[in-house]
Amino acid sequence: MILEMPLDVLYEIFSFLTPRDLIRMSWTNKDFRRILTSRSTRNIWKAALESVEGLPPCPLHMNEIEYSTVLFHVACYGCGRARPPVNWYFRRRICKRCLPDQ
Ligand SMILES: [Zn+2]
């Protein structure tokens, strides 16, 4: 039923979420994914990132969703192993075992 709400109400709700919450919300279903990856929510992601104290600004070569995912989704992109380092070339967290496959 939440998806039946007007978009401006959803945007208001999203504006209270952290970057990690936004990522998780975008993974809940295709509709949230479509909404939260649309250009119209870019300011919501930007505000969520700005609310994180001490966080450097989003690099110019990344968008806010990519930056949020790299920082706050702490599993390997390939295998799901926890807390591999960020590989800034691939803009993902990748463990040593999965790196050759990338
Ligand atoms: Zn891995």
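Scroll up for the structure.
From a predicted model like this one, the values you see are computed outputs, not experimental measurements.

(A) Here's a closer look at the overall build of the protein chain. Scanning the protein chain from terminus to terminus reveals five helices and two strands. Counting from the amino terminus, helix and strand elements in the protein chain follow one another as α-α-α-α-α-β-β. Excluding contacts between residues fewer than 6 apart, the proportion of contacts in the protein chain whose partners are at least 24 apart in sequence is 29%. Carbon and sulfur atoms form 55% of the exposed surface of the protein chain, whose accessible area is close to 7,100 Å². The averaged location of the 10 negative side-chain charges in the protein chain is 12 Å from the averaged location of its 15 positive side-chain charges.

(B) Quick look at the packing of helix α2 (residues 19-26) against helix α5 (residues 64-72). Orientation of α2 relative to α5, taken along the N-to-C sense of each, is 105°, at an axis distance of 9 Å. Looking at the two axes, α2 sits roughly perpendicular to α5. For the pair α2 and α5, contact is made by P19, R20 and I23 and by S68, T69 and F72, respectively. Looking at the contact of α2 with α5 residue by residue, the class counts come to three nonpolar, two polar and one charged.

(C) Structural context of the packing of aromatic side chains. Across all of its chains, the model carries two aromatic pairs by this definition. For the ring pair F14 and F32, a centre distance of 6.1 Å and an interplane angle of 70° mean the geometry is edge-to-face. Remark: F32 occurs in helix α3 (residues 30-36) and F14 occurs in helix α1 (residues 7-14); sequence separation between them is 18 residues. Judged by its relative accessible area of 6%, F32 falls in the buried class. Here Y89 and F90 contribute two aromatic rings whose centre-to-centre distance is 5.0 Å and whose plane-to-plane angle is 85°, an arrangement assigned as edge-to-face.

(D) The arrangement of helix α4 (residues 42-50) in detail. Within the span of α4, buried status applies to I44, W45, A48 and L49. Across the axial projection of α4, the buried residues extend over an arc of 135°, all falling on one side. Facing away from the buried side of α4 by over 90 degrees, the exposed positions are N43 and E50. Close packing links the buried residues of α4 with α1, α2, α3 and α5.

About the criteria used
- Residues numbered from 1 in each chain as written.
- Predicted model: local features only at pLDDT ≥ 70, side-chain atom pairs only at ≥ 80, totals over all residues.
- Heavy atoms only, no water.
- Helix = DSSP H or I, 4+ residues; strand = E, 2+ residues; numbered from the N terminus.
- Contact = heavy atoms within 4.5 Å.
- Areas by Shrake-Rupley, 256 points an atom, 1.4 Å probe, with all protein chains shown as cover.
- Lys, Arg positive; Asp, Glu negative; His and termini not counted.
- Charge placed at Lys NZ, Arg CZ, Asp CG, Glu CD.
- Axes fitted to C-alpha atoms, helices over the stretch in contact; angles between N-to-C directions.
- Parallel < 35°, antiparallel > 145°, perpendicular 65-115°, else oblique.
- Nonpolar A, V, L, I, M, F, W, Y, C, P; charged D, E, K, R; others polar.
- Phe/Tyr/Trp six-rings, centres within 6.5 Å; stacked < 30°, edge-to-face > 60°.
- Buried < 20%, exposed > 50% of the residue type's maximum accessible area, 1.4 Å probe, protein only.
- Arc of directions from axis to C-beta.

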